[in-house]
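Each chain is listed here by its residues.
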Amino acid sequence: MTSNSTRATFATIAVVLVAVCVFQTRSAQSSSATTPQTVAKPLLLEKDEGERRIWREPPPGDFILKVSPKNNGSQHLVMGTEDMHPGDEFPMHKHLEQDEILYVVKGTVHAHVGDQERDVHAGGTVFIPALTWVNVKNTETNTASVVFVFSAPGFEDYMRCDSVLPNEKVTLLSPEQMKACEHKGHVIYKGIEENPKK
């Protein structure tokens, strides 16, 4: 190979490498421009602050979503609070993708998680791994207050689907609409047609 052809070969390789680098840089810039990078925002919230919502199922209890992708851009956690009045229940269900921690702030709840079942009192914790059946009910005569934390976003989409904002009219969903809400929130409820609450 002559020195001129060697130089021509190296020049061609250099042009190809520069073209590849330019293409990759433009591609990366284009994809970052079309895919917004969400940055979670810090929050300082009092007890009653956050996204308050009313469950559709009568009697209409309420809950507050505090941390979620929609509330502050959190991509890793979802957190909220709920008061469970006497007789209120989270019917038997399982989360398909998220672990959940339920912390009892006030009162007592009766929890059935997997093959374990017992009363959990104020200061107690219920850990619900993904794909584990869970049922929680306030069987006492006083209101129980709980904090819920999910390991990843998803279930809050179900919660929004099965609730309304305080200024909206509460309407019930059909069984088909409830199934669509379940799918959206990565959750399965036992007997949702008979008992579509939460």
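Within each chain, residues carry numbers counting from 1 in the order of the written sequence. Reporting in this predicted model follows two pLDDT cut-offs: at least 70 for local features of residues, and 80 or more for side-chain atom pairs to be given and counted; totals over whole chains, interfaces and linings ignore these cut-offs and use all residues. Calculation of side-chain values draws on the structure's entire complement of heavy atoms; hydrogens and water are dropped beforehand.

1. Some words on empty space enclosed by the protein
Put simply, the test is: Both cavities and pockets are sets of points on a 1 Å grid over the protein atoms alone; in a cavity a 1.4 Å probe fits but cannot get out, in a pocket the set is open with protein on both sides within 12 Å along at least five of seven lines, and lining residues sit with an atom within 4 Å of a point. Grid points are joined across faces, edges and corners, and a volume is the space filled by probe spheres set on the points. By definition, any uninterrupted DSSP run of H or I lasting at least four residues is a helix, any uninterrupted run of E lasting at least two residues is a strand, and each is numbered from the N terminus. Under this grouping Gly is polar, as are all residues other than the nonpolar Ala, Val, Leu, Ile, Met, Phe, Trp, Tyr, Cys and Pro and the charged Asp, Glu, Lys and Arg.
Across all of its chains, the model carries one cavity of 30 Å³ or more by this definition. As a volume, the largest cavity reaches approximately 150 Å³. Taken together, 16 residues make up the lining of the largest cavity; nearest its centre are Phe90, His93, Glu100, Phe150 and Phe155. Sorting the residues of the lining of the largest cavity by element identifies β4 (89-95), β5 (100-106), β9 (134-137), β10 (144-150) and α3 (155-161) as the ones contributing at least two each. For the lining of the largest cavity, the element with the highest residue contribution is β4, accounting for three residues. Here the lining of the largest cavity is composed, by residue class, of eleven nonpolar, two polar and three charged.

2. What about unusual backbone geometry?
With a phi angle near 70°, Leu131 is a residue other than glycine that sits in the positive phi range. Here Leu131 shows up in the loop between β8 (125-128) and β9.

3. Description of the sheet that holds strand β3 (residues 78-84)
To keep it simple, the criterion reads: Between any two strands, pairing holds if DSSP finds at least two bridges.
Taken in spatial order, the seven strands line up as β8-β5-β10-β3-β2-β1-β11 in an open sheet, and their pairing is antiparallel. Looking at which strands have only one partner, the edges of the open sheet turn out to be β8 and β11 (163-164). The sheet contact formed by β5 and β8 spans four bridges and is antiparallel. Following the sheet pairing, Tyr103 is matched in β8 by Thr125.

4. Here we look at the pattern of salt bridges
This is how the line gets drawn: The working definition used for a salt bridge is a side-chain nitrogen of Lys or Arg within 4 Å of a carboxyl oxygen of Asp or Glu. For each residue, the accessible area found with a 1.4 Å probe, counting protein chains only, is set against the maximum for its type, and the residue is called buried under 20%, exposed over 50%, and partly exposed in between.
Applying the stated criterion across every chain, the model contains four salt bridges. Close ionic contact of Lys179 with Glu182 constitutes a salt bridge, the shortest N to O distance being 3.7 Å. Linking Lys179 with Glu182, this pair stays in helix α4 (residues 175-184), spanning three residues, or about one helical turn. Exposure remark for Lys179: the relative accessible area of 36% places this residue in the partly exposed category. Taken together, the salt bridges that share partners define one network made up of Glu51, Arg53 and Arg160.

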